[in-house]
Amino acid sequence: KEYFTSDDHTYSEGVFLSYDALDAFEDQQGLLGRTSETNPNGLNPAVGTKIDTDAGVKTISASDVMLLDIHELDWYKHQELAGISIAVILNDEIGDAEQPFKVTDEKLKAYGEESGRKIVSYLRKTYPEIGKKTPIYVTLFKESSYNNKMPGIFIADAYFASGTIGEFSNINEDWAIFPGSKASTLDNLTAVSFERFVEGLSDFSSLNTSIVGMGHFKDAMLDSLSIDISIYAKTWAETNAMIQKITADLELFTSQEIEIKVTLRSDDILIAALKREKGTNDVSVITLAN
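Think of each chain on its own: its residues are numbered from 1, step by step along the sequence as written. Local features in this predicted model are restricted to residues whose pLDDT is 70 or higher, and side-chain atom pairs enter the listing and the counts only when it is 80 or higher, whereas totals over whole chains, interfaces and linings include all residues. Side-chain calculation: all heavy atoms of the structure are included, whereas hydrogens and water are not.

Engineer: It is not clear to me how the sheet that holds strand S13 (residues 221-231) should be interpreted in this structure. Could you clarify?
Structural biologist: In sheet architecture, strand pairing relies on hydrogen bonds along the backbone and comes in two forms, parallel and antiparallel. Sheet architecture is open: six strands sit in the order S11-S12-S13-S14-S15-S16, paired in mixed fashion. In this open sheet, the two strands that pair with only one neighbour each are strand S11 (173-178) and strand S16 (284-287). Shown here is a sheet whose adjacent strand axes are inclined to one another by a mean of 15°, direction ignored. What makes two residues a contact is simply this: any of their non-hydrogen atoms within 4.5 Å. To obtain each axis, a line is fitted to C-alpha atoms, and for helices this fit is confined to the stretch in contact; angles are then taken between N-to-C directions over 0 to 180 degrees. Only DSSP runs of H or I with at least four residues qualify as helices, and only runs of E with at least two residues qualify as strands; both kinds are numbered from the N terminus onward. Along the sheet, helix H5 (residues 236-249) contacts S13, strand S14 (259-266), strand S15 (269-276) and S16; its crossing angle with S15, the most-contacted strand, is approximately 20°. Two strands qualify as a pair provided DSSP detects at least 2 bridges between them.

Engineer: Honestly, the packing of aromatic side chains in this entry has me stumped. Any pointers?
Structural biologist: Each aromatic ring pair is summarised here by two numbers: the centre-to-centre distance and the angle between the ring planes. Here is the rule: rings of Phe, Tyr and Trp (six-membered ring for Trp) pair when centre to centre is within 6.5 Å. Planes less than 30 degrees apart are stacked, more than 60 are edge-to-face, and the remainder are tilted. For the coordinates displayed, the defined rule picks out 12 aromatic pairs. With a centroid separation of 6.3 Å and 80° between ring planes, the pair formed by Tyr122 and Tyr127 is classed as edge-to-face. Centre to centre, the rings of Phe197 and Phe253 are 5.6 Å apart; their planes meet at 55°, and the pair counts as tilted. With Phe197 in helix H4 (residues 188-204) and Phe253 in the loop between H5 and S14, this pair connects stretches of sequence that are 56 residues apart. Feature note: the residues Tyr3, Phe4, Tyr11, Trp75, Tyr137 and Tyr159 constitute an aromatic cluster, connected by ring pairs. One cation-aromatic arrangement involves Lys58 over Phe101; the distance from NZ or CZ to the ring centre is 4.5 Å. Here, over-ring charges are defined by two tests on the NZ atom of lysine or the CZ atom of arginine: distance to the ring centre within 6 Å, and angle to the ring normal within 35 degrees.

Rendered as C-alpha cells:
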C-alpha cells in the first residue's frame, strides 16, 4: 500500500516468475533449486554448505530447504508495468522432524537479503520490460515451524527504486496465544481483559464453550486480536444470546488501538463473525446461519 496504492494501481500475479523460472528439480535451472554449476540461478544453499544454528554449525543436506517459495505481485498503471512486489518465503529449520535445528535469526536474515538481491538482479537482467527503471519491493517472510501453530512473520523489507540497490530494514512482528504466558508478558492489560472476557462468557451460559485468542504484535505492541469461540448450542435462541453477550463484552478490551475479530462456531459450523475496527467501540456482526 505504501509503494503501490490501490487508488491508482491494478495488479496481476506471477507474470514473470513462472513455474519454469522457479523449478526446483535437479535437472532444471530454477530459482528455488540449489546453487550449482548447472544451476547458477539456484538460491537454495548447495549440499555441504555450513550454516549457523541454535545447536552450532551444521551442514546443509539434500533434504534441507531454506527458500520455500517466491510470491510475485505485478502492479500496473494505465496497463503499463509500474512496480513489482516480491515475498521471499524462508524456512528457519534444517535437519529432520525428530531433530530439527533452528537457523539463527542473523544468518536467516543475511541469507534472505542475499536471495532478495539476487531475485531483483535476475528480474532486471532477464526481462527487458522490467529493466532498471521498474521499482521492486521485496519482503522477507519467515514461515512458521512445522510444530508451531502460529502464522509466520515478516522479518525485513527493502524498496529497490530505479537505480538503487535497496537497503533492508528490520520488521518486528510476533504472535501470541491468549491465554498464555507470552501474551501476558507482551501485553498484560489485554491478557487480563481476555481472562475477564472468557469468565463472562463461561458464566453466562451452561454451553460447553472453548475460547482461544491469537494476538498479532508489531514493534512489541498488540495490533490485532482474533478470537475463536466454539459452542454446542441446541437452539438458535442460545446462539443469538451468545452473539449479543460477545458484542457487549468486547467493551472489556478498552484499547481502541486494537482490531478485534471474533468467529463463533456451533458444532464446527460457522455461525457468526464479529469485528471491531481500530478507533471505535462499535461492533459489526454478520450472522451466517440460524
